[in-house]
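Listed below, chain by chain, are the residues.
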Amino acid sequence: MIDLHMHSTYSDGTLTPQELLNYAKEKKLKAIALTDHDTVNGIESFLSVETDILQISGVEISIDFDPGTFHLVGLFINHNDKNLKTKLEKLKKYRRKRNIKLVELIKNHFGIEISLSDLQKDIDGEIGRPHIAKFLIDQGIVSSTQEAFDKYLGKGKPLYIAKKRYSAIEGIDMIKKAGGISIIAHPITLDLENEQFDKFTKELIEYGLGGIEVFCSLHTKNDSKFYLEIAKKYNLFISAGSDFHGLNKTDVDLGITNCPEKYQKTIYTNLLTYYEKKTKIILS
């Protein structure tokens, strides 16, 4: 019914915003959010499509964090917000510098000639690690995106280069000023124990954190059960997203959020409430 986390060709997905909406219609989804990595450039195209599907403008911001990986999703953002666009543009510039270094790393590590233009094909935005993973698959170096990250692109691996990120407080502030709801995306990737996550969430609420992506393709039932308890404990928005990337992540399909139907209905109802009245969302 809903999917509040997906990527288009404006970041590291393989479908355009129009194609995402077409596919969502095939999947009989009622509400979807476009949440490209560190960019809102695809939102205008996304919102311009006439459809019965509830279209939610979003973004996924890379956050500086250890020990794991922290992404912050913003929903219902004003994609024309000057502060948001300015700060995201800075991240794009850092990403471009990183990609130049990454191409050199690939040449040195594998002895393969490659240029940024080779990687830029069919991409409307910036090159990301999934694009590099696809290149490694095409070259026969790995057999899957997961293998590419496990062996070469993940943290601490030979082709990993850290990129510029904002702090959690800065990310929440960016989303808040753009009129959106800030949500911890796939919290399992934070690599925090349950008590640590509880404490961490409570701290972020003081700065304006609005929700948790309780249900997603990376979570087991037990994971989602715990995150649901925390969301309810602090009266946070309960979100659900597939983190769909198209052919760059073939094991995850659009709409597969592992979210039970009763929660999908509740989330959809509250999305409509927020969309229509712009009031604070409170889930029971």
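Residues numbered from 1 in each chain as written. Predicted model: local features only at pLDDT ≥ 70, side-chain atom pairs only at ≥ 80, totals over all residues. Heavy atoms only, no water.

**Q** What am I meant to see in the nonpolar core here?
**A** Side chains that are nonpolar tend, in soluble globular proteins, to be buried together. Within the largest apolar cluster, 68 residues are counted, with the highest numbers of intra-cluster contacts made by Phe-70, Leu-75, Phe-197, Ile-267 and Leu-271. Setting aside anything within four residues of it in sequence, one finds Phe-70 in contact with Ile-61, Ser-62, Ile-63, Phe-65, Ala-168, Ile-184, Leu-190, Phe-200 and Leu-204. (Core = buried A, V, L, I, M, F, W, Y, C linked by side-chain atoms within 4.5 Å. Buried < 20%, exposed > 50% of the residue type's maximum accessible area, 1.4 Å probe, protein only. Contact = heavy atoms within 4.5 Å.)

**Q** Even after reading the chapter, I still don't get the side chain of Ser-62, so can you show me in this structure?
**A** Position of Ser-62 relative to the elements: it lies in strand E3 (residues 54-63). Apart from residues lying up to four places away in sequence, Ser-62 is in contact with Asp-38, Phe-70, His-71, Lys-163, Arg-165 and Tyr-166. (Helix = DSSP H or I, 4+ residues; strand = E, 2+ residues; numbered from the N terminus.)

**Q** How do you make sense of the sheet that holds strand E2 (residues 31-34) when you look at a structure like this?
**A** Backbone hydrogen bonds are what pair the strands of a sheet, in a parallel or an antiparallel way. An order of E1-E2-E3-E4-E5-E6-E7 is seen for the seven strands of this open sheet, with the pairing classed as mixed. Each end of this open sheet is capped by a strand with a single partner; those strands are strand E1 (2-3) and strand E7 (237-241). Where helix H1 (residues 17-26) meets the sheet, it contacts E2 and E3, and its direction lies at approximately 160° from that of E2. (Pairing = 2+ DSSP bridges. Axes fitted to C-alpha atoms, helices over the stretch in contact; angles between N-to-C directions.)

**Q** How should I be thinking about the pattern of salt bridges in this particular structure?
**A** In this structure the tally under the stated criterion is 13 salt bridges. Asp-253 is paired through a salt bridge with Lys-27; the nearest N and O atoms lie 2.9 Å apart. In this pair, Asp-253 is assigned in the loop between E7 and helix H10 (261-277) and Lys-27 in the loop between H1 and E2, connecting sequence segments 226 residues apart. Overall, the relative accessible area of 31% leaves Lys-27 in the partly exposed class. As a salt-bridge pair, Lys-92 and Glu-89 come within 3.5 Å of each other at their nearest N and O atoms. Within this pair, Lys-92 and its partner Glu-89 are both found in helix H3 (residues 82-110), separated by three residues, close to a single helical turn. Residue classification places Glu-89 among the partly exposed positions, given a relative accessible area of 29%. Several salt bridges converge on common partners, so that one network encompasses Glu-89, Lys-92 and Arg-96. (Salt bridge = Lys/Arg side-chain N within 4 Å of Asp/Glu carboxyl O.)

**Q** What should I look at first to understand helix H6 (residues 145-153) in this one?
**A** An α-helical turn contains 3.6 residues, so any two residues separated by three or four positions project in the same direction. For H6, every residue scored as buried is listed here: Thr-145, Glu-147, Ala-148, Phe-149, Tyr-152 and Leu-153. Packed against the buried residues of H6 are H3 and helix H5 (129-138).

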